[in-house]
Amino acid sequence: MTQNREAWGSKIGFILAAAGSAVGLGNIWKFPYIAGENGGAAFIFVYLLCIGIIGFPVLISEVLIGRTTQKNPVGAFASLSNSKLWLSVGFLGVLAGFLILSFYSVIGGWTIGYVIETLRGSLSSFTSPEEAGVLFGSLSGSPAWTLGFHTLFFALTMFIVVKGVQGGIEKSSKIMMPVLLSILVILMVRGVTLDGADEGMAFLWVPDWSKINAQSILIALGHAFFTLSLGMGAMMTYGSYMSKKDSVVTASAQIVLLDTLIALMAGVAIFTAVFASGLNPAAGPGLIFQTLPAVFASMTGGVYFSFLFFLLLAIAALTSAISLLEVVVAYFVDEKGWDRKGAVLIFGGSIYLLGVPSALSFNLMADSKMFGMTFFDVVDFLASNVLLPFGGLMIAIFAGWVWSRTSVMAALKEGAEGLFENYPWFEGVWLFFLKFVAPVLITIVLLNSLGLV
Ligand code: TRP
């Protein structure tokens, strides 16, 4: 079995695919508005710190567990430990992949829907975000529109994953990631050259330390996790296709750099344009689907920028969605002996169906609530706020405390011998953050999500 398991064709292929997983709606939509709301540069400083002391060490552990065992999350824990506890951590990861993809695809569908609306010309006549909001309300209020684009987005995701690790995920990432970066450069240059761009730059870069409090630090921590796709074995699964000749540490550092760079670029592109149009940055979905369409409508050539922007979002969402589906598929292929095609059809199909009530949460099912939340919100909360931090906590504990130090270090040094000779302190620092800092901080995030602290 192991000898004909799939693998990446090249190191750069792995970096681009993993960066594709990391760079998603989290970077382009969520990061800019949480940074804006929580003190701009001050928040960015805290966020970078969280990425450095938690995101990076946990990312290394996830990729390493995958690379060492060459298995999906369930198989990976099964081959490193014989306790049922760790097996169930792997299962929760597969479950989280199931849940996240089901609602992620709904928003991914909206982004494609907005590419189409731009092309149809329906976004070009807005004079205010409120007008753009009316259109957004009627589109997301339509079951046919939300379901139709959920279906289209999901079909694209399945189409890529069915073609396999090299022929589907790697090949498409090698095309989509450069396109994504080029679009972002164009939008950023357009943004900073607009009259009045400096106000947007100030919003993002002038630190307002008075906005930093316990809550904003928790937001930064939680986001550091989500943006790097940690906590459910997505990076473990991608790591399982990685060659033992390459360094896990260097690859993880490159993934972190790309993810952070792209989030910051998105912040610049969005806020320069919003402020130059004299608008206020809104929070939540409103920023992308209401404020920005009004910004583009007021810009010369705005329809081109609008097209590029929603295409950028759609690409970012698609490269993340394929990593979510791959976790579920890898489990059934490795552990249950399914062939890739069957696993994609059957389990992709089930995730798609689970997404249907999420797509209808904005229209037909808007009034069916559990704990005051729609179906969409419940699934999002359960996966993003409970399963991911819990998974991340367990992964840090496993790599830091359960896996023996000799085995972890032997695995980590494979393909990275030079690095550990040149930076002998790295081992101690990594283990310190993994064993002590990450578990404590992630536990606080988890308890906070559950309303316990
Ligand atoms: N990182 C992606 C984003 O920023 C979201 C994502 C994709 C994700 N795959 C994941 C989050 C796996 C957690 C786990 O939008």
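Shown above is the structure to which this text applies.
What you are looking at is a predicted structure, and each value in this text was computed from that prediction instead of being measured. (Residues numbered from 1 in each chain as written. Predicted model: local features only at pLDDT ≥ 70, side-chain atom pairs only at ≥ 80, totals over all residues. Heavy atoms only, no water.)

A. Geometry of the pattern of salt bridges. Within this structure, the stated rule accounts for eight salt bridges. The closest approach of N and O atoms between Arg-340 and Glu-6, which form a salt bridge, is 2.9 Å. Residue Arg-340 is located in helix α15 (residues 340-360), and its partner Glu-6 is located in the segment before α1 (11-22); the two are separated by 334 residues in the primary sequence. Across the pair Glu-170 and Lys-174 runs a salt bridge whose closest N-O atoms are separated by 3.7 Å. Separated by four residues within a single helix, Glu-170 and Lys-174 lie in helix α8 (residues 165-192), roughly one turn from each other. Lys-174 sits in the partly exposed class, given a relative accessible area of 38%. Within this structure, Glu-6, Glu-326 and Arg-340 form a network of salt bridges that share partners. (Salt bridge = Lys/Arg side-chain N within 4 Å of Asp/Glu carboxyl O. Helix = DSSP H or I, 4+ residues; strand = E, 2+ residues; numbered from the N terminus. Buried < 20%, exposed > 50% of the residue type's maximum accessible area, 1.4 Å probe, protein only.)

B. Region of the structure containing the site of the ligand. Taken together, the neighbourhood of the ligand is formed by 16 residues, with Ala-22, Gly-26, Tyr-104, Phe-226 and Ser-229 sitting nearest. Within the backbone of Thr-227, a nitrogen or oxygen atom sits 3.3 Å from a nitrogen atom of the ligand. Here a nitrogen atom of the ligand sits 3.0 Å away from a polar atom, N or O, in the side chain of Ser-229. Of all the cavities here, the one that holds the ligand is the largest cavity. Only α1, α2 (25-37), α10 (214-227) and α14 (302-336) provide two or more residues apiece to the shell around the ligand. Residues of the shell around the ligand, tallied by class, amount to eight nonpolar, eight polar and no charged. (Near = heavy atom within 4 Å. Polar contact = N/O pair within 3.5 Å; in protein donor to acceptor, adjacent residues only side chain to side chain. 1 Å grid on protein atoms, 1.4 Å probe; cavity = no way out; pocket = protein on both sides within 12 Å on 5 of 7 lines; lining within 4 Å. Sits in = over half its atoms within 2 Å of the grid points. Nonpolar A, V, L, I, M, F, W, Y, C, P; charged D, E, K, R; others polar.)

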